[in-house]
Amino acid sequence: MPSLAIVGTGAIGGTVAAWLAQDPALDLTLCARTPFDSLEVTTPNRLLKAAPRLVTDPADVEPVDWVLVATKTYDADSTKPWLDRLLGPQTRVAVIQNGVEHRALFAHLVPAERILPVIINLPVARTAPGRMVQHRRGVVAVPDTAEGRTFAGFFANTEIEAAAHRDFTTQAWLKLTGNAIAIVPTLTLRATGPVWSPELERIVRGVVEECAAVGRAEGAIIPQDFVEKTIETSRTMPEGATGGSLHADRLAGNRLELDARNGVIVRLGRQHGISTPMNELLVTLLGASGAPWIKGQAL
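Residues numbered from 1 in each chain as written. Predicted model: local features only at pLDDT ≥ 70, side-chain atom pairs only at ≥ 80, totals over all residues. Heavy atoms only, no water.

J.: It is not clear to me how the nonpolar core should be interpreted in this structure. Could you clarify?
T.: One recurring pattern in soluble globular proteins is that nonpolar side chains are buried together. By size, the foremost hydrophobic cluster in this structure holds 33 residues, and its most contacted members are Val16, Leu20, Leu68 and Phe151. A per-element tally of this core places helix α1 (residues 11–20) first, with five residues. For Leu20, the residues in contact, after removing those within four places along its chain, are Leu4, Ile6, Leu26, Leu28, Leu68, Phe154 and Phe155. (Core = buried A, V, L, I, M, F, W, Y, C linked by side-chain atoms within 4.5 Å. Buried < 20%, exposed > 50% of the residue type's maximum accessible area, 1.4 Å probe, protein only. Helix = DSSP H or I, 4+ residues; strand = E, 2+ residues; numbered from the N terminus. Contact = heavy atoms within 4.5 Å.)

What follows is the structure in structure tokens.
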């Protein structure tokens, strides 16, 4: 029986845990800061309930086959006490986070060959500890390796479609390119569709085109029609829509994954000699707005 520990039980980690807990062939442990009794996820098709083992003290865990890290990108170092206890000689660490730097963020904590980067598209919101609302089916992408295929198999009987991809770099950058525009409604606190104008389109296009250019320099295949569809999504964003988790974190007064979302476009752009003025401008403005973000990784 494969043993899995999930570190980070927020919206993503909690929902993933609830789905995996439906499989009696998996030995699942939740590693959380705050205790709660059970997991409940309201999905479009059912109310999902689970009560896997929950631990709040790293001293109470032992090595497992897999560690699934579902914390925010800026919380990598906070996982060290858990990883120190959970890692055995063969343990694999699946990093389920935003951005494109999964391995780099954990390279000082886990041997590189043990890390499996995971891209997830899962529209879900947490309403309380252990309580989530999943708005539609999720999608998971991992590299096409033996470990990746094993990890994808854990989701075989869930409403999260998991697949291993030979070109994982493209998958990661397609998601980042599609999500890069979230910085605009996060900054303005308005959906882009109702206030669309030629000037706003130039801003949105700049953000997306810059991300695509950097992604291509990193080896990703990002078709121009994907860029255009992403811009069209912004143009038609309805009133009341938001910038997803980035926007939600700003409203909640939480720290922002700004460096992992748009800051990385600027940093890697510089490495490739690619100018990214629109992303740099918006990152600077959002940082100056008083929204919490990682000062240690300022541009």
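J.: What am I meant to see in the pattern of salt bridges here?
T.: Oppositely charged side chains are able to pair whenever their charged atoms sit close together. Scanning the model with the defined rule gives 17 salt bridges in all. Across the salt bridge formed by Lys72 and Glu257, the nearest N and O atoms sit 4.0 Å from each other. With Lys72 in the loop between β6 (64–69) and α2 (80–86) and Glu257 in the loop between α9 (244–252) and α10 (258–272), the pair connects residues that are 185 residues apart, well separated along the chain. Residue Lys72 is classed as partly exposed on the basis of its relative accessible area, which comes to 24%. Measuring nitrogen to oxygen at the nearest pair gives 3.0 Å for the salt bridge that ties Asp259 to Arg267. Relative accessible area serves as the criterion here: at 6%, Asp259 is assigned to the buried category. Judged by relative accessible area, Arg267 falls into the partly exposed class, the value being 25%. Through salt bridges that share partners, Glu201, Arg205, Glu209 and Glu228 make up one connected network. (Salt bridge = Lys/Arg side-chain N within 4 Å of Asp/Glu carboxyl O.)

J.: So what exactly am I meant to see when it comes to the sheet that holds strand β8 (residues 115–121) here?
T.: As summarised here, the arrangement of the eight strands in space is β5-β2-β1-β6-β7-β8-β11-β12, forming an open sheet in which the pairing is mixed. With partners counted over all chains shown, the strands left at the sheet margins are β5 (53–55) and β12 (160–165), one partner each. Each adjacent strand pair in this sheet contributes to an overall mean axis angle of 25 degrees, direction not counted. Relative to strand β2 (residues 27–31), strand β1 (residues 3–7) is paired through five bridges, and the arrangement is parallel. Along β2, the bridge assignment pairs Ser3 with Asp27. Contacts from α1 reach β1, β2, β6, β7 (87–96), β8 and β12 within the one sheet, and its direction differs from that of β1 by about 160 degrees. (Pairing = 2+ DSSP bridges. Axes fitted to C-alpha atoms, helices over the stretch in contact; angles between N-to-C directions.)

J.: Whenever I open this one, the domain arrangement of the protein confuses me. Can you help?
T.: Once the domains are mapped, the protein shows domain 1 (3–166) and domain 2 (169–289). Each of domain 1 and domain 2 was reduced to a C-alpha centroid, and the two centroids are 26 Å apart. Taken together, the 12 residues of domain 1 in the interface contact 15 residues of domain 2. For the pairing of domain 1 and domain 2, the buried interface totals around 1,300 Å² over both sides, and the portion due to carbon and sulfur atoms is 54%. (Domains from an automatic or database assignment. Buried area = accessible area lost by both parts, 1.4 Å probe.)

J.: Looking at this model, I keep getting lost on the UniProt feature "domain: Ketopantoate reductase N-terminal" (unreviewed entry) in the protein. Mind explaining?
T.: If you check UniProt for "domain: Ketopantoate reductase N-terminal" (unreviewed entry), the listed places come out as residues 5–144 in our numbering. Helix makes up 16% of residues 5–144 and strand 41%, whereas the separation of the span's terminal C-alpha atoms amounts to 22 Å. (UniProt positions renumbered as here; feature names shortened; annotations may be inferred.)

J.: Any chance you could explain the side chain of Ser234 here in plain terms?
T.: Examined against the element boundaries, Ser234 turns out to sit in helix α8 (residues 224–235). In this structure Ser234 touches Ile181, Thr192, Gly193, Trp196 and Val204, once residues within four positions along its chain are discounted.

J.: How should I be thinking about the confidence of the model for the protein in this particular structure?
T.: Low pLDDT marks stretches whose predicted atomic positions should not be read closely. For the protein, per-residue confidence averages 93 on the pLDDT scale, and 96% of positions sit at 70 or higher. In this model residues 294–299 is a low-confidence stretch, pLDDT under 50, and it forms 13 contacts with partners more than four residues away in sequence or in other chains. (pLDDT = per-residue confidence, 0-100.)

J.: Would you explain empty space enclosed by the protein in this entry?
T.: For the structure on display, the rule yields one cavity of 30 Å³ or more. One number sums up the size of the largest cavity: a volume of about 50 Å³. Every residue lining the largest cavity is listed: Gln97, Asn98, Gly99, Ile119, Ala172, Lys175, Leu176, Asn179 and Arg261. A total of four residues in the lining of the largest cavity trace back to one element, the largest contributor, which is helix α5 (residues 168–179). Class assignment for the residues of the lining of the largest cavity results in three nonpolar, four polar and two charged. Summarising the domain contributions, the lining of the largest cavity has at least three residues from each of domain 1 (3–166) and domain 2 (169–289). (1 Å grid on protein atoms, 1.4 Å probe; cavity = no way out; pocket = protein on both sides within 12 Å on 5 of 7 lines; lining within 4 Å. Points joined across faces, edges and corners; volume = space filled by probe spheres on them. Nonpolar A, V, L, I, M, F, W, Y, C, P; charged D, E, K, R; others polar.)

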